[in-house]
Amino acid sequence: MAKKNSFQIAIDGPVAAGKGTVSRLVADKLGFLYVDTGAMYRVTALIGIRNQIDLSNQDQLAPLVKKATIHMRNPNSQEKDGRLTTVLLDNEDVSWVIRTEDVSQGASKVAVHPQVRSVLVEKQQQIALEQDVVMEGRDITYRVLPQADLKIYLTANDVVRAKRRHHDLLTKGVDIEFDEVYKDLLERDHRDQSRSVDPLQIVEDAWVIDTSDISIQQVVALIVSKVELMSTVG
Ligand code: DC
């Protein structure tokens, strides 16, 4: 890996721990780029679906993803439509297309492939090399940015996470029972934690923040003050 010339905040954690919202707000407060790496696994699934490739076929998928230009940036003034990040695939805005159910399911299928992971990890490391980032995902603290200046594992108990996810879905007009959301969340946790390649894990030097009983604003304030302290000291 090339020598870094940036301040890196790496955030991992399970589904619905608040990683996206926290990372976006921390990045805004510090003037850093927010990088949602899950979006890149989603883009990979989209590429596969559009090219009618079987998502279990990493030999076909990985070269196409390697060739693709995936650009992530903070939303501009015309893009304030609730998105946390703008994602461009070969210059096409796919920020919302990648949030559909088909693509979400596909993303967890393509995320198990070592060849796909290696292509995406390299792209993610490249992004974080020259600019200050808040990068979130499942393998950032130990695989993508093992030299990160600050490593955080953001979590919350599973009922709280399922309640948050349920509330989000109802707000978006999706009519779904809590029990279904809860079951789906436990399944996704299991898949993320039992994957043979780079499963979700807590590294020794991670700062574990449990968001069950504190607000998003409090979490953001905690992280920002820690970074400010690090900048003063370091
Ligand atoms: O966070 P998300 O739901 O957008 O992530 C989409 C999928 O990609 C999900 O199945 C977890 C996976 N993922 C991963 O394996 N590694 C990452 N760094 C980010 C996401």
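Presented here is an overview of the structure given in this document. Sequence order sets the numbering: in each chain, residues are counted from 1 along the sequence as written. Totals for whole chains, interfaces and linings use all residues, but because this is a predicted model, local features are given only for residues with pLDDT of at least 70 and pairs of side-chain atoms are given and counted only at 80 or more. With hydrogens and water stripped out, all remaining heavy atoms of the structure feed into the side-chain values.

**Topic: empty space enclosed by the protein**
The line we're drawing: Both cavities and pockets are sets of points on a 1 Å grid over the protein atoms alone; in a cavity a 1.4 Å probe fits but cannot get out, in a pocket the set is open with protein on both sides within 12 Å along at least five of seven lines, and lining residues sit with an atom within 4 Å of a point. Grid points are joined across faces, edges and corners, and a volume is the space filled by probe spheres set on the points. Charged means Asp, Glu, Lys or Arg here, nonpolar means Ala, Val, Leu, Ile, Met, Phe, Trp, Tyr, Cys or Pro, and polar covers whatever is left, Gly included.
Per the counting criterion, the structure on display carries one cavity of 30 Å³ or more. Taken as a whole, the largest cavity spans an internal volume of roughly 30 Å³. Lining the largest cavity are V15, R165, V181, D184, L185 and R188. When the residues that make up the lining of the largest cavity are grouped by side-chain class, the tally is three nonpolar, no polar and three charged.

**A closer look at the packing of helix α2 (residues 37–50) against helix α3 (residues 58–67)**
Test applied: Only C-alpha atoms enter the line fits that serve as axes; for helices the fit covers just the stretch in contact. Angles between N-to-C directions range over 0 to 180 degrees. Secondary structure elements follow DSSP: runs of H or I of four or more residues count as helices, runs of E of two or more count as strands, with numbering from the N terminus. For classification, angles of less than 35 degrees are called roughly parallel, those exceeding 145 degrees roughly antiparallel, those between 65 and 115 degrees roughly perpendicular, and all remaining angles oblique. The sense of a crossing depends on the near helix, which, turned anticlockwise from the far helix by less than a right angle, makes the crossing left-handed and, turned clockwise, makes it right-handed. Only heavy atoms enter the contact rule, under which two residues are in contact if any of them lie within 4.5 Å.
Viewed as axis vectors pointing N to C, α2 and α3 meet at an angle of 115°, and their least axial separation amounts to 10 Å. It follows from the interaxial angle that α2 and α3 lie roughly perpendicular. Between α2 and α3 the crossing geometry is right-handed. On α3, the residues that touch T44, I47 and G48 of α2 are L61, L64 and V65. Of the residues contributing to the contact of α2 with α3, the split by class is four nonpolar, two polar and no charged.

**Considerations on the sheet that holds strand β5 (residues 92–93)**
Heads up, the rule is: Strands are treated as partners if at least two bridges between them are detected by DSSP.
The three strands are arranged β3-β4-β5 in an open sheet whose pairing can be described as antiparallel. Each edge of the open sheet carries a strand with a single partner, namely β3 (70–73) and β5.

**A few points about the sheet that holds strand β6 (residues 133–137)**
Here we have five strands laid out as an open sheet, ordered β2-β6-β1-β7-β8, and parallel in their pairing. Only two strands of the sheet have a single neighbouring strand rather than two, namely β2 (33–36) and β8 (207–210). If you compare each strand with its neighbour and ignore which way they point, the axes differ by 20° on average. In the sheet, strand β1 (residues 8–12) pairs with β6 via five bridges, with the strands oriented parallel.

In short, geometric facts, not functional conclusions.
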